[in-house]
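Secondary and tertiary structure notes
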Amino acid sequence: MTDYRNAPELKASLLGKTTEYKDNYDASLLYPIARKLNRDDLGIDEQQLPFKGEDLWTGYELSWLNNKGKPQVAVAEFLFPCQSPSIIESKSFKLYLNSFNQSRFESFESVREILTRDLSEAVKANVVVRLYGPDDVALFAATPLPGTCIDTLDIEVSDYDLQPQLLKTTDDAQVVEQTLYSHLLKSNCLITSQPDWASLVIRYKGPEIDHESLLRYVISFRSHNEFHEQCVERIFSDIMALAKPQELDVYARYTRRGGLDINPYRSTHNDHISFNVRINRQ
């Protein structure tokens, strides 16, 4: 695997650096990072992506002033299509959202429109933004994950370096349809090495994946440094290379950091997230 942590655009990002926090609106704070960096390492052709999908970000710390100077608060959802040339570096996203704090805006809708415009321009794709009030609690209730949990398997683990070769199919040649999940996905930020925690859902139709091998593979991300979106695309690519399933969905629900959680979804056949789930760790 290529170590691209020293790529110029990553070295120029604000992650891991002392930063001034601005509280007046400033769209220039957004810092895009090309998805191509990791996709080259995976052998993914940007012009012919092997998957569809999107990245769902949730922003819990969004506030601004109305025209009378009264603070307003909201929870935001941001949907970035996986076809966008870039993602937003997460610290720059937080700095950008903080810049709304002492700026006046006419309405919720005007804030939503500004967020939509700025983010779409930054990643060069259409971004969907939704704003919710703090009392819309039903929309953010924790839900069970679908399918079978593989975390109860009694396996012995001694190696925590990423190993795609751990993945295996069973000897049964029959095509199966399964939904499996694990709460044991942990990776590290590509730049800061801070831990990123997630629950992972895998739904597929194809040769049966050995559950113990899948759990060992998921755990092998524990010392791996990569962004959230990159980890999910790597998992998708590794499963496709091994089992060549007819259908595959990979969805990770990462816990929040800095008021943001990131939830990447990749699928052979769905443009939009097909799971309506939320973990209690978020």
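**Focus: the overall build of the protein**
Secondary structure assignment for the protein yields six helices and 10 strands. A globule of 282 residues ought to have a C-alpha radius of gyration of about 19 Å, and the protein, at 19 Å, matches this closely. Its C-alpha atoms give the protein principal-axis dimensions of about 70 × 45 × 35 Å. With 282 residues in all, the protein has 52% of them scored as buried.

**Here's the deal with the pairing of strand β7 (residues 175-188)**
Most of β7 sits inside the fold, with 10 of its 14 residues counted as buried. Two strands pair when backbone bridges link them, and β7 and strand β8 (residues 195-207) are joined in this way by 12 bridges, in the antiparallel orientation. What sits directly across from Glu 177, in β8, is Lys 205. Where β7 folds back on β8, the antiparallel hairpin that results is connected by six residues, among which Ser 193 adopts a positive phi of roughly 65°.

**Examining the environment of Thr 148**
Along the chain, Thr 148 turns up in strand β6 (residues 148-149). Owing to a relative accessible area of 44%, Thr 148 belongs among the partly exposed residues under this scheme. Spatially, the C-alpha atom of Thr 148 lies 8.7 Å from that of Ser 182, the residues being 34 residues apart in sequence.

**Focus: the pattern of salt bridges**
Between side chains of opposite charge, a pair can form as their charged atoms come close. As enumerated under the stated definition, the model contains 16 salt bridges in all. Between Arg 35 and Asp 55 there is a salt bridge; the shortest N-O distance is 2.8 Å. Taken together, the residues span a long stretch of sequence, with Arg 35 in the loop between β1 (32-34) and α2 (36-42) and Asp 55 in strand β2 (residues 52-65) at a distance of 20 residues. Take Arg 35: its relative accessible area is 6%, and that puts it in the buried class. Because the salt bridges share partners, they merge into one network encompassing Arg 35, Arg 39, Glu 46, Asp 55, Glu 233 and Arg 266.

**Remarks on the pairing of strand β9 (residues 247-254)**
In terms of residue burial, β9 counts as a mostly covered element, since seven of its eight residues are buried. Sheet analysis places β8 next to β9, joined by eight bridges and oriented antiparallel. Within β9, the residue paired with Lys 205 across the bridge is Glu 247. Here three bridges tie β9 to strand β10 (residues 260-267), and the two strands are oriented antiparallel to one another. Note on β10: the bridge partner recorded for Asp 249 is Ser 267. Connecting β9 to the next strand, β10, in antiparallel fashion are five residues, including Gly 258 with a positive phi near 60°.

**A word on the state of the cysteines**
Using the criterion set out here, one finds zero disulfides in the structure. Cys 231 supplies the cysteine sulfur nearest to Cys 82, a cysteine that is in no disulfide, at a spacing of 16 Å. Residue classification places Cys 82 among the buried residues on the basis of a relative accessible area of 0%. No disulfide involves Cys 149; its nearest neighbouring cysteine sulfur is the one of Cys 231, lying 19 Å away. For Cys 149, a relative accessible area of 22% gives the class partly exposed.

**Here's the deal with helix α4 (residues 108-123)**
With 16 residues, α4 extends 23 Å from end C-alpha to end C-alpha; this agrees with the ideal 22 Å at 1.5 Å per step. Every buried residue belonging to α4 is among Ser 110, Val 111, Ile 114, Leu 115, Asp 118, Leu 119, Ser 120, Ala 122 and Val 123, and all of these are buried. Against the buried residues of α4 lie β1, β2, β3 (71-81), β4 (86-88), α3 (90-98) and β5 (128-132).

What counts, and where the lines are drawn
- Position numbers for residues start from 1 in each chain and track the written sequence from start to end.
- Under the rules for a predicted model, residues below a pLDDT of 70 receive no local features and side-chain atom pairs below 80 are neither given nor counted, while totals for whole chains, interfaces and linings still include all residues.
- Note that the side-chain values use all heavy atoms of the structure and ignore hydrogens as well as water.
- Helix numbering and strand numbering both begin at the N terminus, where a helix is a DSSP run of H or I of at least 4 residues and a strand a DSSP run of E of at least 2.
- What the globule rule says is 2.2 Å times the number of residues to the power 0.38, and the radius of gyration is computed from C-alpha atoms.
- Residue burial is assigned from relative accessible area. The probe radius is 1.4 Å, only protein chains are included, and a residue is buried under 20% of its type maximum, exposed over 50%, and partly exposed in between.
- Two strands pair if DSSP finds at least two bridges between them.
- The working definition used for a salt bridge is a side-chain nitrogen of Lys or Arg within 4 Å of a carboxyl oxygen of Asp or Glu.
- Disulfide assignment relies on a single distance test, namely cysteine sulfur atoms paired within 2.5 Å.
- To estimate the expected span of a helix, count its residues, drop one, and scale the result by 1.5 Å.
- Note on contacts: a residue pair is in contact if any heavy atoms of the two residues lie within 4.5 Å.

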